[in-house]
Amino acid sequence: MGEVVEVNGPIVTISQPGIRNGDQVMIGRMNLIGEVIHIREKDALVQVYESTESLRPGEQVSGLGHPLSVELGPGMLGQIFDGVQRPLDKIMAMSGEHISRGLEISALDRDRIWHYVPAPTLAVGKMLAGGQVLGTVRETETIEHRILAPPDYAGEVIEYAPEGDYGIDEIVVRMRTGTGSVEGLKMYHQWPVRQPRPYLARADSGLPLITGQRVLDTFFPMLKGGKAAVPGPFGAGKTIVQQQIARWSNADIVLYVGCGERGNELVEILQTFPELTDPYSGRSLMERTFLVANTSNMPVVAREASIYVGVTMAEYYRDQGYDVVMVADSTSRWAEALREVAGRLGQMPVEEGYPAYLASRLAAFYERAGSVNTLAGMHGSVSLIGAVSPPGGDFSEPVTSHTKEIIRTFWALSKPLADARHYPAVSWLESFTDYSDRAAKWWSENVSPQWAARREQALALLAEADELERIVNLVGPEALSSSQRWVLESSSLIKEAVLQQSALDPVDSYCSPEKQFQLLDLVLQYHQGGMQMIDLGVPVEQLTELVYGSEIKRLKSSVANDDLTALQEMAQKTQQAFDAMRVEYGNPRGATP
Ligand SMILES: Nc1ncnc2c1ncn2[C@@H]1O[C@H](COP(=O)(O)OP(=O)(O)O)[C@@H](O)[C@H]1O
Ligand SMILES: [Mg+2]
């Protein structure tokens, strides 16, 4: 037993011989949860994840003998956990009450009974390597939970439980380890959150993470196992983008980490997700979703832990062979926790008060994304998507600029676009992705061989239009030729018919890959048809007066994903209109039949 020496906000000095760096500790009468972050000659510094108000020197401290860890087993889906994996009573979360301190609640429900089916590969006498599947339970209607041996255990099976109903504290496999000791394996195990869970090898599937959001999937695609950031000033739509990904992405499991942002956004998820159906399984979204909530009204330092608690749980489902998406809102609030702790420790601030290790911590976090072959011989992935909230929307500040170096997809949200109510306010100029070539393979095989060409054409058209707009601003619209005016017309069609997508529109909230491509294809056909007319001498006014432009803009919310015939009809109608014009204006070049 040690004791509290000094309390400095969330940083508590303790005297306890033998304690190790990283050890989890319980502090004081209230049993506050903390983690040793620095060992000194006579004492140690602990960061405490709960308010230390009224904690006094002399109160007792006990080390738990292990690093900050999470429990991994069935019963996590549909749950909402705090930053150190305590399940938040849903009612308490919704009423927005402050959580009492020192609550010793285990993460997984000890009373819940699961129907366990042993893995067919289990056999007495067989050697079992770490991370193997011990059996399965049905965690939700959509997700079969694969019970895994802890990654760091290996041994010979000497006994295992038959199919039946068990609680997670019951032993389902007994094995003899290399040292001869007999160990009982339960349906859950613990894992330290700061240590990435092991896998066999990285194995990129090359499959895109489809989010149903056109500007993300078509223009700046992300892969399963990829890492992405959503930077943007306050109100630009970061949370909505992340919620849309959580709702609609083609992942098996979604983990939403609310880190330092408003609690009501999590309440909204808890209220709306159970009513929403997963477009892939047709079942409630909560069956594949769980949450970590460390909202702005909770202790700042716990944000630091919540990111690791989250990603460790995500890796655990990856190790079961699932594609997991973790969204974190926001990594800037997490970085603020780093800054707060560094400040209290008197560490040298380097950039805007952040410690020198900001960049390496960010990199280490995103490094836990990936597509892998698991120890159990399956394929799984963790995709990480972090929101970044730079003060004043300045992307050159440290958290945004370091993040930009680390991630591979950058969905930059723009204040002018958001102000113009162009949602999602993803800037086509500032955003980028390194995954478009690999995504193109999937799109070309599954949707259209024209995908990559269409995407390039649209991006080029948008860039050209931005250039032309600059000219118009300088010298007025008279300076533009007819074809340049048609480019401007077509780019606004791309923006309204394709890029803009309302999260609130019941039809348009999710757009299937086929619909994404056909909409874009239609708009580009219309653009090219118009260009041919201009070449024939058709005045651009006659083109802009056509009703088709405004009809095309409405298709995204009138055409359902499962019936795209209206898109093909529109393509025919516009083609006929252009054909009629061609007759009217003759065909001086004898081109296009
Ligand atoms: N895709 C979208 N569709 C409709 N409205 C949106 C969309 N994206 C953002 N908005 C609007 O912008 C507001 C602010 O978005 P939010 O995600 O909360 O911003 P941030 O998290 O960046 O502060 C939302 O409440 C909503 O009204
Ligand atoms: Mg937000």
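Residues numbered from 1 in each chain as written. Chains lettered and ligands numbered in written order. Predicted model: local features only at pLDDT ≥ 70, side-chain atom pairs only at ≥ 80, totals over all residues. Heavy atoms only, no water.

J.: Just to check I follow, could you spell out the sheet that holds strand E12 (residues 144-148) for this structure?
T.: Pairing between sheet strands relies on hydrogen bonds along the backbone, with the strands arranged either parallel or antiparallel. Sheet architecture is open: 4 strands sit in the order E12-E11-E9-E14, paired in antiparallel fashion. Only two strands of the sheet have a single neighbouring strand rather than two, namely E12 and strand E14 (164-167). Averaged over all neighbouring strand pairs, the angle between strand axes comes to 40 degrees, with direction disregarded. The pairing of strand E9 (residues 113-118) with strand E11 (residues 133-138) spans 2 bridges and is antiparallel. By the bridge assignment, proline 118 is partnered in E11 with glycine 135. (Pairing = 2+ DSSP bridges. Helix = DSSP H or I, 4+ residues; strand = E, 2+ residues; numbered from the N terminus. Axes fitted to C-alpha atoms, helices over the stretch in contact; angles between N-to-C directions.)

J.: Even after reading the chapter, I still don't get the domain arrangement of the protein chain, so can you show me in this structure?
T.: By a frequent convention, interface size equals the accessible area lost on bringing the separate parts together. Assigned domains within the protein chain: domain 1 (2-67), domain 2 (201-433) and domain 3 (451-584). Centre-to-centre separation of domain 2 and domain 3, based on C-alpha positions: 32 Å. In this assembly, 22 residues from domain 2 lie in contact with 22 residues from domain 3. At the boundary of domain 2 with domain 3, total buried surface from both sides reaches about 2,000 Å², with 59% on carbon and sulfur atoms. Among the residues domain 2 hides against domain 3, the three largest losses belong to Arg214, Phe219 and Trp428. Together they make up 41% of the total. For the pair domain 2 and domain 3, the number of links is 1 salt bridge. A salt bridge links arginine 214 to aspartate 508; its shortest N-O distance comes to 2.9 Å. In this structure, the connection of domain 2 to domain 3 is made through 17 residue pairs in polar contact (both at pLDDT 80 or more). Mapped onto the side of domain 2 that touches domain 3, the elements with two or more residues apiece are helix H2 (214-219) and helix H3 (238-248). Among the elements that line the side of domain 2 that touches domain 3, the one with the most residues is H2, at 5 residues. Here the residues of the side of domain 2 that touches domain 3 are counted per class, giving 12 nonpolar, 7 polar and 3 charged. (Domains from an automatic or database assignment. Contact = heavy atoms within 4.5 Å. Buried area = accessible area lost by both parts, 1.4 Å probe. Salt bridge = Lys/Arg side-chain N within 4 Å of Asp/Glu carboxyl O. Polar contact = N/O pair within 3.5 Å; in protein donor to acceptor, adjacent residues only side chain to side chain. Nonpolar A, V, L, I, M, F, W, Y, C, P; charged D, E, K, R; others polar.)

J.: I would appreciate a short explanation of the side chain of serine 509 in the present structure.
T.: By the secondary structure assignment, serine 509 is in the loop between helix H12 (482-499) and helix H13 (513-535). Judged by its relative accessible area of 4%, serine 509 is buried. Residues contacting serine 509, with those up to four places away along its chain left out, are Gly212, Gln213, Gln244, Trp248, Gln501, Ser502 and Ala503. (Buried < 20%, exposed > 50% of the residue type's maximum accessible area, 1.4 Å probe, protein only.)

J.: Can you walk me through the packing of aromatic side chains in this structure?
T.: Each aromatic ring pair is specified by the distance between its two centres and by the angle formed by the two planes. Counting across every chain of the model gives 13 aromatic pairs. Pairing tryptophan 248 with tyrosine 510 gives two aromatic rings, centres 5.8 Å apart and planes at 50 degrees, and the pair type is tilted. Remark: tyrosine 510 occurs in the loop between H12 and H13 and tryptophan 248 occurs in helix H3; sequence separation between them is 262 residues. Of the residues examined, tryptophan 248 reaches a relative accessible area of 10% and is grouped as buried. One aromatic cluster is present, built from ring pairs that chain together Trp248, Tyr280 and Tyr510. Positioned above the aromatic ring of tryptophan 191 is the side chain of arginine 197, whose terminal nitrogen or guanidinium carbon lies 5.4 Å from the ring centre. One residue, arginine 339, lies across the ring of tyrosine 354, its end atom 4.5 Å from the ring centre. (Phe/Tyr/Trp six-rings, centres within 6.5 Å; stacked < 30°, edge-to-face > 60°. Lys NZ or Arg CZ within 6 Å of the ring centre and 35° of its normal.)

J.: Can you walk me through the environment of serine 383 in this structure?
T.: Position of serine 383 relative to the elements: it lies in strand E26 (residues 379-388). Since its relative accessible area comes to 1%, serine 383 is described here as buried. Residues serine 383 and proline 57, 326 residues apart in the sequence, show an inter-C-alpha distance of 43 Å. If near-sequence neighbours (up to four positions away) are discounted, serine 383 is found in contact with Leu209, Met222, Leu223, Lys224, Gly225, Gly226, Val324, Val325 and Met326.

J.: Any chance you could explain unusual backbone geometry here in plain terms?
T.: Glycine aside, negative phi is the norm for most residues, and most peptide bonds take the trans geometry. Following aspartate 329, the chain continues to serine 330 via a peptide bond in cis, the omega torsion being 10 degrees. Mapping serine 330 onto the fold places it in the loop between strand E22 (323-329) and helix H6 (331-344). Cis geometry is found at the peptide bond from tyrosine 423 to proline 424, where omega equals -10 degrees. By the element assignment, proline 424 lies in the loop between helix H9 (415-419) and strand E28 (432-433). Even without being glycine, asparagine 31 reaches a positive phi, approximately 55 degrees. Judged by its relative accessible area of 27%, asparagine 31 is partly exposed. With phi around 45 degrees, glutamate 352 is a residue other than glycine that occupies positive phi space. Secondary-structure assignment places glutamate 352 in the loop between strand E23 (349-351) and strand E24 (354-355). For glutamate 352, a relative accessible area of 53% translates into the label exposed.

J.: Explain the site of ligand 1 to me, please; I cannot follow it from the model alone.
T.: The immediate surroundings of ligand 1 are formed by Pro233, Phe234, Gly235, Ala236, Gly237, Lys238, Thr239, Ile240, Tyr423, Gln501, Ser502 and Ala503. Residue alanine 236 places a main-chain N or O atom 3.3 Å away from an oxygen atom belonging to ligand 1. At a separation of 3.3 Å, an oxygen atom of ligand 1 approaches a polar side-chain atom of tyrosine 423. Isolated, ligand 1 exposes 560 Å² of accessible area, and the fraction of that covered by the protein chains is 80%. (Near = heavy atom within 4 Å. Areas by Shrake-Rupley, 256 points an atom, 1.4 Å probe, with all protein chains shown as cover.)

J.: Help me understand the pattern of salt bridges in this model?
T.: Any two side chains of opposite charge can pair, on the condition that their charged atoms come close. All told, the structure shown has 39 salt bridges when counted by the stated rule. Note that arginine 283 and glutamate 287 form a salt bridge whose closest N and O atoms lie 2.8 Å from each other. Arginine 283 sits in the partly exposed class, given a relative accessible area of 35%. Relative accessible area serves as the criterion here: at 14%, glutamate 287 is assigned to the buried category. Across the pair arginine 470 and glutamate 467 runs a salt bridge, and its minimum N-O distance is 3.0 Å. Linking arginine 470 with glutamate 467, this pair stays in helix H11 (residues 451-475), spanning 3 residues, or about one helical turn. The network of salt bridges with shared partners includes Glu35, Arg194, Glu304 and Arg361.

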